[in-house]
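Given next are the chains, with one letter for each unit.
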Amino acid sequence: MKNTFLLFLLLALPLLWHCQNTPAPVDVEKEKAAIQALIAKETESYYRQDFETWKSTYLEDPGFRKYGYWEGYPEKVVFYNGFEPLKAEKKKQFDANETLWQGSTEERANENFRISQDMAWYTFEQFSYEKGTKKFLGKSLETRILEKHEGQWKIAYLGYHYFPDTTQTTTSQQQ
């Protein structure tokens, strides 16, 4: 009897360990909605120049990255390694009321999500329009890598590539 019990324990322990260490399944649709809401919150707070709300959407960490291309930048490519330099620049920009395309509206297409328990990546095409006139302002290819902290998604990587003005189009280019 004693040997049977020991054998049972030896067989059951790996199963119990596996059950305790298996993450709960991800509700992909719920997480997609949460990520889309976060991205909308980040964009809207940026154009409203609401610094605290904008900042709350980001991972405030040295591991944060932002890499972007826009021909409107004098240097064409901008990058930030760590959140502090971006935070300082945006605070100064918001205080000086220097945000470009204020009040513009955005549409997103060709969305692609990869979501796990605490990390996700989200790619999409973004089309920007002037608020009142609906004049087309630009198209970009966007990437967000997100991490979940204390149950909330945060942007850990912000990447974008704006198409040059000469190739602006409101239809997506499929490869």
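None of the values given here were measured: they were computed from a predicted structure.

Caption draft 1: Representation of the sheet that holds strand E6 (residues 152-162). Taken together, six strands build an open sheet; the order of strands is E2-E1-E6-E5-E4-E3 and the sheet is mixed. Looking along the sheet, the strands with just one partner apiece sit at the ends: strand E2 (77-81) and strand E3 (105-115). Strand-to-strand twist of the sheet, defined as the mean angle between neighbouring strand axes without regard to direction, takes the value 20°. Of the strand pairs in this sheet, strand E5 (residues 136-149) and E6 are connected by ten bridges, and their pairing is antiparallel. Within the sheet, the bridge partner assigned to histidine 149 lies in E6 and is glutamine 152. Across the sheet, helix H4 (residues 83-95) lies against strand E1 (65-69) and E2, angled at about 120° from E2, the strand it touches most.

Caption draft 2: Structural detail: the packing of aromatic side chains. In total, this model carries 16 aromatic pairs according to the counting rule given. When the ring of tryptophan 54 is compared with that of tyrosine 58, the centres are 4.8 Å apart and the planes differ by 50°; the resulting orientation is tilted. Each member of the pair, tryptophan 54 as well as tyrosine 58, carries the same accessibility label: buried. An aromatic cluster of at least three residues, connected via ring pairs, comprises Tyr46, Tyr47, Phe51, Trp54, Tyr58, Phe64, Phe83 and Phe94.

Caption draft 3: Representation of the pairing of E5. Pairing of strand E4 (residues 119-129) with E5 involves eleven bridges; the strand directions are antiparallel. Pairing of glutamine 126 across the sheet is with serine 140, part of E5. Turn length for the E4-E5 hairpin, with the two strands adjacent in sequence and antiparallel, is six residues, and the turn residue lysine 134 shows positive phi of about 65°.

Caption draft 4: Broad picture of the pattern of salt bridges. A complete count under the given rule lists ten salt bridges for this structure. As a salt-bridge pair, glutamate 52 and lysine 55 come within 3.4 Å of each other at their nearest N and O atoms. Of the two residues, glutamate 52 and lysine 55 are both situated in helix H3 (residues 51-56); the distance of three residues between them amounts to about one turn of the helix. One salt bridge in this structure joins aspartate 95 and lysine 91, with 3.3 Å as the shortest N-O distance. In this pair, aspartate 95 and lysine 91 are both assigned in helix H4, four residues apart and thus about one turn of the helix distant. By relative accessible area, lysine 91 is classed as partly exposed at 36%. If you follow the salt bridges from partner to partner, you end up with Glu60, Glu84 and Lys87 in one network.

Caption draft 5: How the structure looks around unusual backbone geometry. With phi around 50°, asparagine 110 is a residue other than glycine that occupies positive phi space. By secondary structure assignment, the location of asparagine 110 is in strand E3. Among the residues examined, asparagine 110 registers a relative accessible area of 41% and is labelled partly exposed.

Caption draft 6: Examining the environment of threonine 105 more closely. Among the secondary structure elements, threonine 105 is positioned in strand E3. A residue is classified by how much of its surface remains accessible, and threonine 105, at 26% relative accessible area, is partly exposed. In the structure, threonine 105 is positioned 25 residues away from glutamate 130 in sequence and 6.5 Å away in space, judged by C-alpha atoms.

Caption draft 7: Layout of the side chain of glutamate 31. The topology assignment puts glutamate 31 in helix H2 (residues 28-48). For glutamate 31, a relative accessible area of 11% corresponds to the buried category. For glutamate 31, the contacting residues outside a window of four places in its chain are Val26, Ile115, Lys148 and Trp153.

Cut-offs applied
Residues numbered from 1 in each chain as written. Predicted model: local features only at pLDDT ≥ 70, side-chain atom pairs only at ≥ 80, totals over all residues. Heavy atoms only, no water. Pairing = 2+ DSSP bridges. Helix = DSSP H or I, 4+ residues; strand = E, 2+ residues; numbered from the N terminus. Axes fitted to C-alpha atoms, helices over the stretch in contact; angles between N-to-C directions. Contact = heavy atoms within 4.5 Å. Phe/Tyr/Trp six-rings, centres within 6.5 Å; stacked < 30°, edge-to-face > 60°. Buried < 20%, exposed > 50% of the residue type's maximum accessible area, 1.4 Å probe, protein only. Salt bridge = Lys/Arg side-chain N within 4 Å of Asp/Glu carboxyl O.

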